[in-house]
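One letter stands for each residue in the lines below.
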Amino acid sequence: MSDSKTPYQAMFAQYQEMAKAFNPALESFTPKGFEALWPTMPKDVMEMFFGNTINQGGLDAKTRLLLTLGALTMLGAQADSQIRLTIRHLIEVEATKQEIVETIGQMSMFAGIPATTRAMEIVQEVLAEKEGSDT
């Protein structure tokens, strides 16, 4: 086999070529670049899309985001950008650090220690960014 790429690397290269064919600007797309486009939705927008506006009496945006964080923790390191964004949104809807950490901790039995540890590292990064921007 002359191509030393793993199947994942080959697939990713193929997707990059396809994206480039659709729109040349997409060739350099990265998840971190997407994060920069809209780092956090305002609380009112989240409630409109994910909270009680659509489903009166249903789960509020904070609960939905905590569930999302639990699911993303299960995905491990492949979900870094999504975890970071979800934590920012949780801060916007006034989730406490305890609620965020407890949600990730709850997943340790299902996601495993490496995935849980990575999610906790991301929480620390996001909270440090937030503290740095508040000063």
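Calculation notes
- Residues numbered from 1 in each chain as written.
- Predicted model: local features only at pLDDT ≥ 70, side-chain atom pairs only at ≥ 80, totals over all residues.
- Heavy atoms only, no water.
- Axes fitted to C-alpha atoms, helices over the stretch in contact; angles between N-to-C directions.
- Helix = DSSP H or I, 4+ residues; strand = E, 2+ residues; numbered from the N terminus.
- Parallel < 35°, antiparallel > 145°, perpendicular 65-115°, else oblique.
- Left-handed = near helix turned anticlockwise from the far one by under 90°.
- Contact = heavy atoms within 4.5 Å.
- Nonpolar A, V, L, I, M, F, W, Y, C, P; charged D, E, K, R; others polar.
- Expected span 1.5 Å × (residues − 1).
- Patch = residues over 30% accessible without salt bridge, like charges linked within 9 Å, V, L, I, M, F, W, Y side chains within 5 Å.
- Areas by Shrake-Rupley, 256 points an atom, 1.4 Å probe, with all protein chains shown as cover.
- Salt bridge = Lys/Arg side-chain N within 4 Å of Asp/Glu carboxyl O.
- Buried < 20%, exposed > 50% of the residue type's maximum accessible area, 1.4 Å probe, protein only.
- Core = buried A, V, L, I, M, F, W, Y, C linked by side-chain atoms within 4.5 Å.

Let's talk about the packing of helix H6 (residues 97-106) against helix H8 (residues 113-134)
One can describe the packing of H6 onto H8 by two numbers: an axis separation of 9 Å at closest approach and a directional angle of 165°. Put simply, H6 runs roughly antiparallel to H8. As for the relative orientation of H6 and H8, their crossing is right-handed in sense. Between H6, through Lys97, Ile100, Val101, Ile104 and Gly105, and H8, the contact on the second element is made entirely by Thr116, Ala119, Met120, Val123 and Leu127. Tallied by class, the residues present in the contact of H6 with H8 amount to seven nonpolar, two polar and one charged.

Notes on H8
Between its first and last C-alpha, H8 extends 31 Å over 22 residues, near the 32 Å set by a 1.5 Å rise per residue. In this structure, the buried side of H8 is in contact with helix H4 (61-75), helix H5 (80-92), H6 and helix H7 (108-111).

Some details on a nonpolar patch on the surface
On the surface, a nonpolar cluster with roughly 460 Å² of combined accessible area is contributed by Met11, Tyr15, Met18 and Phe22. A residue is classified by how much of its surface remains accessible, and Phe22, at 68% relative accessible area, is exposed.

Quick word on the nonpolar core
By size, the foremost hydrophobic cluster in this structure holds 18 residues, and its most contacted members are Leu69, Ile83, Ile87, Leu90, Ile100, Ile104 and Val123. The set of elements that each furnish at least two residues to this core consists of H4, H5, H6 and H8.

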